[in-house]
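Working through the structure, step by step
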Amino acid sequence: MADIIQLLPDHVANQIAAGEVVQRPASVVKELLENAIDAGADSIKLIIKDAGKTLVQVIDNGKGMSNTDARLSFERHATSKIRTADDLFQLHTKGFRGEALASIAAIAHVELKTKQETDDIGNTIVIEGSRVASQDVVVTPKGTSISVKNLFFNIPARRNFLKSDTVELRHVIDEFHRVALAHPGISFVLYNNGSETFNLPICNFRQRIVNIFGAKTNEKLVPVEEETDVLKISGFVGKPEFAKKTRGEQYFFVNDRFIKSAYLNHAISSAFDGLLKNGTHPSYFLNLTVDPQTIDINIHPTKTEIKFDDEHTLYALIRSAVKHSLGQFNIAPVLDFERDPTLDTPYNYNKSIANTPKVEVDKSYNPFNDESVSKAKAVAYKKEPTTSWESLYVGLESKGTKTQQDFSEVHFESDEATVSMFSNDKEIEHTHTTYQLHNKYIVSTIKSGMLVIDQHRAHQRVLYEDFLKNMTIKEGISQQLLFPLELHFSNQDIVIINQLKDDLQHTGFVFSSVKEESVEITGVPVSVPESEVSIILEQLISDVENEVPDSNFSATDLLAKSMAKSLAIKTGQSLQKDEQEHLVNKLFACKEPNVSPTNRATFITMSVDELDKKFI
Ligand code: ADP
Ligand code: MG
């Protein structure tokens, strides 16, 4: 048989490489910024249009390229940064693979302008899908400007795969933050759709963090410094009380390169052990300096994962350095103990009766017990009088058409008006006993067999329909706060809050001001405890940022989902009998009781027949 193997043409090989290196506009941003840094620039501009889908441009004042280099830079494996394989373990540059420009030029329209300091005139090259369209001389300042237009123009599948502009811009900004944080000695400016979004002057690391994340960040930072033979650590961790529920700002830089490491992240979490509220994550901004010989950066095309020779030692060093800082800054002791001041003054008070420490966190908080909450829930439903829960359950399929909710009828329910499915009907009372299984499921009998309800999902459904309704009729009940609540956010987060402000107000939030880096809240929905407000808003912002493509996106829906997720009773929470029954009643009074807001089953049934079969 004839030989069938052949070498792929360069442009095909480049497109394949691009699949690894360029996943989205943010990947282009990363590669171009890194090249500008490697070129020794101290001023870098990033210009973005349509979240980078239309344009990513990076302009630097670095050393520029000669005429020949300008052309060569787009070849695969063309690099000025290493010469031999040994150099891989002596890296002092961001790049070394020599494939970024070749990959990018294979899948976009690229225009390069570059000039070295000593040259009078610069060079420009236009490349489209690996094909050089033109090359010429040009008048341009010292340094390099690369524009990448119409990303994935020749790979529609990849282009369609890109997320909404909000999501892609989030990735671009994340990448920009990572690079800018690693290089406070370089000034960075970001223009997004013509407006200046970040302007970061040359400064020290702490100022860079503050310039990016907002003035309020300054007081949250605790310095971490440690120097040993194998590792130098410098940077900051966030005070535990500012830990975030959804996305701590977590940054490791190894030799000025942002990296991801679940293992080292764990070292930090364990240093914070016992200091954080459940489910929150500490912020950290840590620079690690190690001998380049002891790491391998070439294990991943995007160079964000690296292999350390001795990870265990680094783990121990990082953990103890962070612990030390937390202790030194008096953070650990204060939070470790619920300190009672009388215990600190043994002399005068040694005969006084010990005070019982106050429990500050209401662990048993249960939205169902709260009077105000049940009011809030009541307003969302004009409950259909039901005599049998089973009839509701049975009628599920036809329910969508049956109940056109009349919003004008919504009113406060009085207790008498609430028809419980459990109270008046003797037969039902004895059939429908509920039982909580592993603080997770509510089990009950139905005529045909058995019903098992997932309490967390069921409650999400109930709250989701509540919020959705309140937002639609614009009638969320608000409870006024005694003192206005001031919360701090980054400016990007404020943009999102502004987008959602109207809907949030319909759920019952009252904003007295939304300005740079902070919002002031004077009222919250009755179902939202004040202590949860910042967590809910954070969760919401992160949900908006990670939302699915534009087409399915509705701010109202997302808001309702996000709040329902934050507030729903959790798995692991024990429920009283009446609470279990209440939840079941509420669930089956929903429009779509079968599924949670994220479309997962809220309950399953098992018929007696099925059970019988298991006993054969
Ligand atoms: P790598 O960065 O891995 O070397 P790239 O494809 O990103 O590979 O770049 C190829 C070469 O082009 C670089 O090694 C460098 O010599 C040159 N180059 C790229 N961008 C710039 C820039 N902004 N200024 C000067 N030279 C650059
Ligand atoms: Mg590079």
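Quick look at the structure, then. Everything quoted here is computed from the prediction, not taken from an experiment.

1. Description of the pairing of strand β3 (residues 109–115)
With six bridges connecting them, β3 and strand β4 (residues 122–128) associate as antiparallel partners. Along β4, the bridge assignment pairs E111 with V126. Two successive antiparallel strands, β3 and β4, enclose a turn made up of six residues.

2. As for the site of ligand 1
The environment of ligand 1 is formed by 18 residues, the closest being N35, T79, S80, K81 and G98. S80 places a polar side-chain atom, nitrogen or oxygen, 2.5 Å from an oxygen atom of ligand 1. Bound to the protein, ligand 1 loses 93% of the 530 Å² it would expose on its own. Within the shell around ligand 1, the residues separate by chemical class into six nonpolar, eight polar and four charged.

3. Looking at the packing of aromatic side chains
Enumeration according to the criterion identifies 14 aromatic pairs in this entry. The interplanar angle of 40° and the centroid separation of 5.7 Å between the aromatic rings of F176 and F198 together place this pair among those described as tilted. Of this pair, F176 sits in helix α6 (residues 165–182) while F198 sits in strand β8 (residues 195–200); the two residues are 22 residues apart in sequence, bridging distant segments of the chain. Exposure remark for F198: the relative accessible area of 8% places this residue in the buried category. Ring centres 6.0 Å apart and planes at 50° place the aromatic pair F213 and Y251 in the tilted group. Of this pair, F213 sits in helix α7 (residues 205–213) while Y251 is found in strand β11 (residues 250–254), placing the two residues 38 residues apart along the sequence. Residue F213 shares its accessibility class with Y251, and that shared class is buried. Through a chain of ring-to-ring contacts, the aromatic side chains of F205, F213, F236, Y251, F253, F258 and F285 assemble into a single cluster.

4. Details of the pairing of β4
The two faces of the sheet receive side chains in turn, since in a regular strand these alternate between them. Most of β4 sits inside the fold, with six of its seven residues counted as buried. Pairing geometry for β4 and strand β5 (residues 131–138), over seven bridges, is antiparallel. Each bridged residue has a counterpart across the sheet, and for I125 the counterpart in β5 is Q135. Between β4 and β5, which pair antiparallel and follow one another directly, the connecting turn spans two residues, one of which, G129, has a positive phi of 55°.

5. Overview of the side chain of S147
Within the secondary structure, S147 sits in strand β6 (residues 143–149). If we ignore the near neighbours within four places in the chain, the residues touching S147 are L55, V56, Q57, H109, V110 and E111.

6. Examining the nonpolar core
Ranked by size, the top nonpolar core spans 56 residues in total, and within it L32, I44, V148, L181, F188 and F285 carry the most contacts. The contact partners of L32, leaving out residues within four places of it in the chain, are V56, V58, L101, I104, I146 and V148. One finds L88, V222, I259 and Y284 within the second-largest nonpolar core, a separate group that totals 33 residues.

7. Observations regarding the sheet that holds strand β21 (residues 518–525)
Spatially, β19-β21-β20 is the arrangement adopted by the three strands of the open sheet, whose pairing is antiparallel. Strand pairing shows two members of the sheet lacking a second neighbour, β19 (478–488) and β20 (510–515), which therefore form its edges. This sheet shows a mean twist of 15° between the axes of neighbouring strands, independent of strand direction. Bridge count for β19 against β21 is seven bridges, and the pairing is antiparallel. The partner of S478 across the bridge, within β21, is P525. With respect to the sheet, helix α17 (residues 491–507) is in contact with β20 and β21, its orientation differing from that of β20 by roughly 170°.

So, how was this worked out
- Note on numbering: residues in each chain are counted from 1, in written sequence order.
- The lettering of chains begins at A and the numbering of ligands begins at 1, in the order of writing.
- In keeping with the model being predicted, local features are shown solely for residues with a pLDDT of at least 70 and side-chain atom pairs are shown and tallied solely at 80 or more, while totals for entire chains, interfaces and linings include all residues.
- As a rule here, side-chain values come from all non-hydrogen atoms in the structure, and water together with hydrogens is ignored.
- Paired strands, in this sense, are two strands between which DSSP finds at least two bridges.
- Per the convention used, a helix needs a DSSP run of H or I reaching at least four residues, while a strand needs a run of E reaching at least two, with both numbered from the N terminus.
- We define proximity as follows: a residue is near a molecule or strand when any one of its heavy atoms falls within 4 Å of that partner.
- A 3.5 Å cut-off defines polar contacts: any pair of N or O atoms within that distance qualifies, except that in protein one atom must be a possible hydrogen donor and the other a possible acceptor, and neighbouring residues in sequence count only when both atoms are side-chain atoms.
- Using a 1.4 Å probe, accessible areas were evaluated by the Shrake-Rupley method; residue-level cover was limited to the displayed protein chains.
- Charged means Asp, Glu, Lys or Arg here, nonpolar means Ala, Val, Leu, Ile, Met, Phe, Trp, Tyr, Cys or Pro, and polar covers whatever is left, Gly included.
- Under the pairing criterion, centres of Phe, Tyr and Trp rings, with the six-membered ring standing for Trp, must be within 6.5 Å; the plane angle then separates stacked pairs below 30 degrees from edge-to-face pairs above 60, leaving the rest tilted.
- For every residue, the accessible area (1.4 Å probe, protein chains only) is compared with the maximum for its type, and the residue is labelled buried under 20%, exposed over 50%, or partly exposed between those bounds.
- Every residue pair with non-hydrogen atoms within 4.5 Å of one another is taken to be in contact.
- Side-chain atoms within 4.5 Å are what join buried Ala, Val, Leu, Ile, Met, Phe, Trp, Tyr and Cys residues into a set we call a nonpolar core.
- Note on method: axes are straight lines fitted to C-alpha atoms, helices fitted across the in-contact stretch only, with angles between N-to-C directions ranging 0 to 180 degrees.

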